Amino acid sequence: METVALVAPITALEFLQDKFLLTGEGPVLSVYSLQPHPKARASLSVLLHHRIHGIRPRSPETLSQKEHVKSSATELNFYDVLVFGGKAVRLVRLHVDSQDVEHLHLEILGALLELQDWALDARWLSGGEQSLLCVAVAHNGALLLDVHTGSTLVECFCLEGCLLYSALLLVHESWVDTVLVGGTVFNQLVIWKPGGCHEMKDSGFKAPVERHLLGHSGVIFSISYLRENGYLASASDDRSVRIWDVGALGGPGGKCGVLDPTCLRVLYGHQARVFSVCLSPGRVFSAGEDGACLVWNLAGSGNVVRTLKGHRAGGVRALAISVGAADKKWVATGGADGGLRLWRVEDGEQATTEKLTDLKLPDHGLPKVVCIAGGGNENTSGSQFVTCTDRGIVCQYSDGKWETLWQGSPEFGSYCVMDTVTADVKDSASTFSLCAVGNLSGSLKVFPTSQPQSGVCLSAGLGKIHSVIWQKERNDVYLLASGNEGLVYRWKIEIGVKVTCSLTLKLTPLPPFLLPRCSKRWITAAVRLHACSERAIWVCGDRRGSLLLYDEDLLRNRKLGEDEQAGELSGEIEAEESQELHELQPLSCLVGVHGKQGVTSVCEYRGLLYSTGKDGCVRISRVNQTSPMDPKGSRGSEVSNEDEGRFQLEVLRVQRACKGMEWLERVLFLQSEVPVKEEEEDSESEGEQSLLEARFVIAGFHANHFVVWDPLRQERLMAVPCGGGHRSWSIWPAHTRIWPGYGALVFIKQGAILTSQPPEEMLGWEGKEERSEGWSLREGIHGRGIWCVCRLGRIEFGKGDTNKAEREKRHWEIVVTGGEDTSLAVLAVDPDSGMVKLLSVITDHISGVRTLAAIKRPEGGSEKSLSALLLSAGGRAQIQCYRLLITWPRKRPAPSCQVIQVGGHRLDTEWEKRRNRHKTVKMDPETRYLSMEIVEENSGCVLLVLSCSDGAVRLFAVCEGKNQIDLLWETFHHQRCVLSVATCSLEDEKGNRCKLLFSAATDGKIAVWHLTEAHFLSIDNSSGAPTPPIPCLDIPAHQSGINSLVVWVEKRGRQEGGCLVTVASGGDDGQLTVSMIRVQYPEDWKTSGNRGSLQISNADMFPQTKVWSPNQIRVHLHSQSHVPLAHAAPLTALKLLSPGCLVSTSSDQRVCLWRVSGTSITHRGALCSHVADTADLAVWEEEEGKCEEKPDPVWENSDGKCFETSGDQTGNDAGGKTGSKSSCESCKKGQRVGWVLACGQGFQLLKIETTVMEAEVCEEKLSS
């Protein structure tokens, strides 16, 4: 067994000469090159089952003359690195080719040094010819080791014997100069000299404490020392960082600092425990459990200069600061989510408090509306703003000064709406900014900002203009004005240039949109669809929260005569021509999807619609074209039946922002790795499957801040204290709705126009990525524990679909994980490189996700696409259902995922819908779903059974076509928490089938249920819910709770007239139990010549087959066997790799392989997992190529050493003839490869190489 991929908390970080970054993840040491761009280069497992907690590169000063080796032929340099963690220390060499810096190689030097205590710190001694190493251990001691021989030369302990949570060694040339600073469990720092006495090696002398530093009220997790000014920093469990003036420590003679150290500063800023602290000249860096890295100003007032946040819940576990550059420093943070982030921090950087800039509008009145000139187009400078005051004056800010563009009539003073856009000049490469201003009386003024005198006046009805919206679609510009009578007036506008260089506006009136009748009858957003370029399709969002779809071509098809032509307007227009245009009715309407507060924005990106509202949700939708005979309409849509083939809106999924962020304004998209033009080519060639969701961020208001939120990384990218919503604002840059990683906000507050950045600084933001987001070297997955995992399938890239030869053999394993952080993560794992890609994050659960199930349905038979119905359940009795569409586009290096929400169910809402609910006991709001199993699947309906913490077993029906989940029945047989469920389907050659359900609870008993068609009644049955079944057998299996069940069918029992069903279970008592259950056939089958070769059915169920009735089936316990101490802790997961081959795991971090043959349970091997608190497993088998002759399965540890596993060898004939024959046959058939994915605090993918011969031998043992 070997580790293929690993995602675990980053526990160690270290910079190497500002060229490389070394990371420790579990036992794996990885190297990232920093130049020219940060990138992973090499990795190697070095510490076996120990977790890396420290990395110490060896400085050139500590090398002896014999060790200064350099090959002049290849010009190969090397760096020696010391890696320690747990009770192990190892020396690793990093080889760097000077001619090719990208070529790195890690090499292990010597054997692993096993210690008797936990290593907290390790340092090289710089003097002498020997390679000596000083190690601080957890029981307040220090060791002097010879790296090459591995022997302990000196061992010394402190007189005050206690446990240390952290330690810092200050070394010089010899052991005598060593000083140790330890953070004890008694919340204090102790300073002592392990090399203070030369006689301690033989006499066992214990060194006294030289200094005590008191003040913390919690244990100390990290210590840092700055030699330049004699400062010592400590990070504690009490959420504080303390700075101590201790003077000179270490050095020649082993100085212990001043006699009375004082505490200079106590820094409070973290919201949780502080795990790491680093000192640098003038700065203090601290990182904690709150996921933030704070940069403190040490020389000044001690305030927070900058906050670096990029990790999810679980906190920052490792922190490193570079020491090379004087002006800029690298800062690296590693999180509990497995993420790795990198930033650049300037030494002279000021505090993070936002300095808002007042643009000082002249005395033209109070500003009402502010916009960036040109709507934030890419050709428009971010320092140009346009505002309209309460006096009807439109002013523009440019080059640091204001100028008046246009003076409106008094009707524009009390009320106005305004918007700007950049339009291209016809037959020219020039662009100009257009501004539109509307008032209370229906008047609309449109003019270029560069030549306001060329403007025109329009009329949008007789009443108030509620909104003015510009829409630019390629080279065309449209203006929409929502009037007072539910009409949306529209014009198409073109800019022309006269001979005199003056501008002219050419306006073409378009048919107005008619909004449905309601109290708030005006639009707030609109977009013209690019994906339907052959049709003029518009989608509008209105004030009542609805999405409306309009099709202009329907009106064109119904026009009464050919003489209907749109009037063209230049400098003077005739308003009465617009009255001749017919009104457009909405073709499809999603009523109130964004709540009562209205829609704030609608945009289209790569064929999908993204809408936001003040309900805190982003809705991703698409436009479907249905045929006249298609009875299925869009969800929640109102469709008329007048024309053939209508366009309808369909909501695919809903993405919520962070907690408390309800007022969402717009969606900004992240720049893709593939150019937009190439993706458009892919969309044309791949059809509907190319409509995949893009990566986006959400802009909106959170309390009194304007926030840009990344829903995938779950982090803030920008925050401006603007005072909250209900104000006019604009963000720069916002051209093409792309978020480049930086931005500035201009807004109105208390009668002033403010910007979050000075306008002159917006023009030179070249390296803003270093300030805001930095680099994400590795994406985090789950900040807390992963509780469940489910494999969806394998996706490959077709050989004929790409020109890149290296991608021809690549494939990805698609898995879904759910955890304590209430989110679902869709991941793509590359088994060849170990790369893990985060495809999507789903955050619909309100509590932790406990269990997952999936039904894979192939889409078009393509290996590069995958479709699956995903079901998730967890806390607060919540079930969610999704349709996942995963494809691998030609131009992308990794797959893409589209999530479609099918439905959801919660027991509390189910109880509220019940009749006479006052007569029943309300369900427990803390009910949790702990296990889920799919019972049956047929056309359009899926039946699933769930185990519940309130003692119930519940059966649900999921109807994807109706987008609903219904509860069919529930039973409280166990009367205590039900931990796991499993199902078994028996079927004979005549099609007769039997469905068995197994449920296990905290009392250690397994209940067997016989399910019939009466229990699978349709949810449309009006007679009431079906009657729950009654268990036909109770099996005592464990002394305490049963966490996992596995069921499979033995091909036996032809003479007895029945079959044997094997039930394997693992419980809290650490025991593995295998129970054999005999299922007796019906009486009328015993006389039949064919009594049935019964087998487990993994295919779709067939409702038309005959089902055995309950009174014909007899179930009883045949035999039972146990392995009392299968694991040293509660057995948390048990899975079936192949018939008779089990994989188990526990919180003891062992993954065990078992072979079950009848009543015999044989242990086949074990491997120590690098994942703590292992909670679930996913296992599968695949056939890869041809196999080689191998003996019993060989398991490989992380050190590269192989050892044979113990097992039953009785299956072979004397002399091994049977095994040799089977081996030859297996070489022809190919090699079977098993995969095990263990999840907990991270996840680990393991590969087990087995042959078809092993499966055949196992089957022979089962049938014997």
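- Going by what an unreviewed UniProt entry lists, the protein is known as tRNA (34-2'-O)-methyltransferase regulator WDR6 and is assigned to Nothobranchius furzeri.
- Reading the Subcellular location (unreviewed entry) entry of the UniProt record for the protein gives the comment "Cytoplasm".

1. Observations concerning the overall build of the protein
So, step 1. The secondary structure content of the protein amounts to 7 helices and 90 strands.
So, step 2. When the 1264 residues of the protein are sorted by exposure, 59% land in the buried category.
So, step 3. Of the contacts formed within the protein by residues at least 6 apart in sequence, a portion of 58% connects residues at least 24 apart.
So, step 4. For the protein, the exposed area adds up to about 52100 Å²; of that, 47% sits on carbon and sulfur atoms.

2. Details of the UniProt feature "repeat: WD" (unreviewed entry) in the protein
So, step 1. The feature "repeat: WD" (unreviewed entry), as annotated in UniProt, sits at residues 213-246, 267-298 and 331-353 in this numbering.
So, step 2. Annotated as 0% helix and 62% strand, the span residues 213-246 places its first and last C-alpha atoms 9 Å apart.
So, step 3. A helix fraction of 0% and a strand fraction of 66% characterise residues 267-298, whose end C-alpha atoms lie 10 Å from each other.

3. Some details on the nonpolar core
So, step 1. Membership of the largest hydrophobic core comes to 27 residues, with the highest contact counts inside it found for Leu444, Val446, Trp470, Leu479, Trp491 and Ile493.
So, step 2. For this core, the elements supplying multiple residues, two or more each, are strand E36 (417-424), strand E37 (431-438), strand E38 (443-448), strand E39 (456-459), strand E40 (467-473), strand E41 (476-482), strand E42 (487-497) and strand E43 (503-514).
So, step 3. Ranked by residue count, the leading element in this core is E42, at 5 residues.
So, step 4. Non-local contacts of Leu479, meaning those with residues more than four positions away in its chain, are made with Ala436, Leu444, Val446, Leu458, Val468, Ile469, Trp470, Tyr489, Arg490, Trp491 and Ile493.
So, step 5. In this structure, Trp812, Ile814, Leu884 and Cys897 belong to the second largest nonpolar core, which totals 24 residues.

4. Description of the sheet that holds strand E27 (residues 304-309)
So, step 1. Read across the sheet, 4 strands follow the order E24-E25-E26-E27 without closing on themselves; strand pairing throughout is antiparallel. Each edge of the open sheet carries a strand with a single partner, namely strand E24 (274-280) and E27. Neighbour to neighbour, the strand axes of the sheet diverge by 15 degrees on average, direction disregarded.

5. Some details on the side chain of Thr1174
So, step 1. Following the sequence through the fold, Thr1174 ends up in the loop between strand E85 (1160-1168) and strand E86 (1176-1184).
So, step 2. Non-local contacts of Thr1174, meaning those with residues more than four positions away in its chain, are made with Thr1132, Thr1145, Ser1146, Ser1147, Gln1149, Ala1238, Cys1239 and Gly1240.

6. A look at the sheet that holds strand E34 (residues 393-398)
So, step 1. If you walk across this open sheet you meet the 4 strands as E32-E33-E34-E35, and the pairing is antiparallel. The outermost strands of the open sheet, each flanked by one partner alone, are strand E32 (367-372) and strand E35 (401-407). On average, each strand axis in the sheet is tilted by 25 degrees relative to the strand beside it, whichever way the strands run.
So, step 2. Note that strand E33 (residues 385-389) and E34 share 4 bridges and pair antiparallel. Bridge pairing in E34 links Thr387 to Cys395.

7. Regarding unusual backbone geometry
So, step 1. Notably, Ala877 is not glycine yet its phi reads approximately 50 degrees, a positive angle.
So, step 2. Take Ala877: it is sitting in the loop between strand E66 (865-874) and strand E67 (878-887).
So, step 3. Its relative accessible area of 0% is what places Ala877 among the buried residues.
So, step 4. Even without a glycine there, the phi angle at Gln975 is positive, about 60 degrees.
So, step 5. Tracing the backbone through its elements, the reader meets Gln975 in the loop between strand E72 (964-971) and strand E73 (978-987).
So, step 6. On the basis of relative accessibility, which here comes to 62%, the residue Gln975 falls in the exposed class.

8. Thoughts on the confidence of the model for the protein
So, step 1. Confidence in the prediction for the protein averages 81 pLDDT; 77% of positions are at 70 or higher.
So, step 2. Across residues 631-644 the pLDDT falls below 50, and counting only partners more than four positions away or on other chains, this stretch makes 35 contacts in the model.
So, step 3. Low pLDDT, under 50, characterises residues 799-807; the stretch is placed with 11 contacts to residues that sit more than four places away or in other chains.

9. Comments concerning the packing of aromatic side chains
So, step 1. Going through the model one piece at a time under the given rule, you end up with 21 aromatic pairs.
So, step 2. Each ring, one from Phe20 and one from Tyr79, has its centre 6.4 Å from the other, and the planes form 65 degrees; the classification is edge-to-face. Of this pair, Phe20 sits in strand E3 (residues 20-25) while Tyr79 sits in strand E7 (residues 76-85), placing them 59 residues apart in sequence. The same class applies to Phe20 and to Tyr79, which are both buried.
So, step 3. Here the guanidinium or amino end of Arg344 rests over the ring plane of Trp330, the centre of that ring lying 3.9 Å away.
So, step 4. Positioned above the aromatic ring of Trp787 is the side chain of Arg850, whose terminal nitrogen or guanidinium carbon lies 3.9 Å from the ring centre.

10. With respect to the environment of Thr843
So, step 1. In this structure, Thr843 sits in the loop between strand E64 (836-842) and strand E65 (849-857).
So, step 2. Separated by 131 residues in sequence, Thr843 and Leu712 place their C-alpha atoms 9.5 Å apart.
So, step 3. With residues up to four places along the chain from it excluded, the contact list for Thr843 reads Gln655, Arg656, Gln714, Thr822 and Ser823.
So, step 4. Here the side chain of Thr843 touches Gln655 through a polar contact of 3.3 Å, side chain to side chain.

11. Regarding the pattern of salt bridges
So, step 1. Counted under the stated rule, the structure contains 31 salt bridges.
So, step 2. Here Arg695 and Asp710 are joined by a salt bridge, their closest N and O atoms 3.2 Å apart. Of this pair, Arg695 sits in the loop between helix H3 (676-686) and strand E53 (696-702) while Asp710 sits in strand E54 (residues 705-710), and the two are 15 residues apart along the sequence.
So, step 3. Residue classification places Asp710 among the buried residues on the basis of a relative accessible area of 1%.

Cut-off values and rules
Residues numbered from 1 in each chain as written. Predicted model: local features only at pLDDT ≥ 70, side-chain atom pairs only at ≥ 80, totals over all residues. Heavy atoms only, no water. UniProt positions renumbered as here; feature names shortened; annotations may be inferred. Helix = DSSP H or I, 4+ residues; strand = E, 2+ residues; numbered from the N terminus. Buried < 20%, exposed > 50% of the residue type's maximum accessible area, 1.4 Å probe, protein only. Contact = heavy atoms within 4.5 Å. Areas by Shrake-Rupley, 256 points an atom, 1.4 Å probe, with all protein chains shown as cover. Core = buried A, V, L, I, M, F, W, Y, C linked by side-chain atoms within 4.5 Å. Pairing = 2+ DSSP bridges. Axes fitted to C-alpha atoms, helices over the stretch in contact; angles between N-to-C directions. pLDDT = per-residue confidence, 0-100. Phe/Tyr/Trp six-rings, centres within 6.5 Å; stacked < 30°, edge-to-face > 60°. Lys NZ or Arg CZ within 6 Å of the ring centre and 35° of its normal. Polar contact = N/O pair within 3.5 Å; in protein donor to acceptor, adjacent residues only side chain to side chain. Salt bridge = Lys/Arg side-chain N within 4 Å of Asp/Glu carboxyl O.

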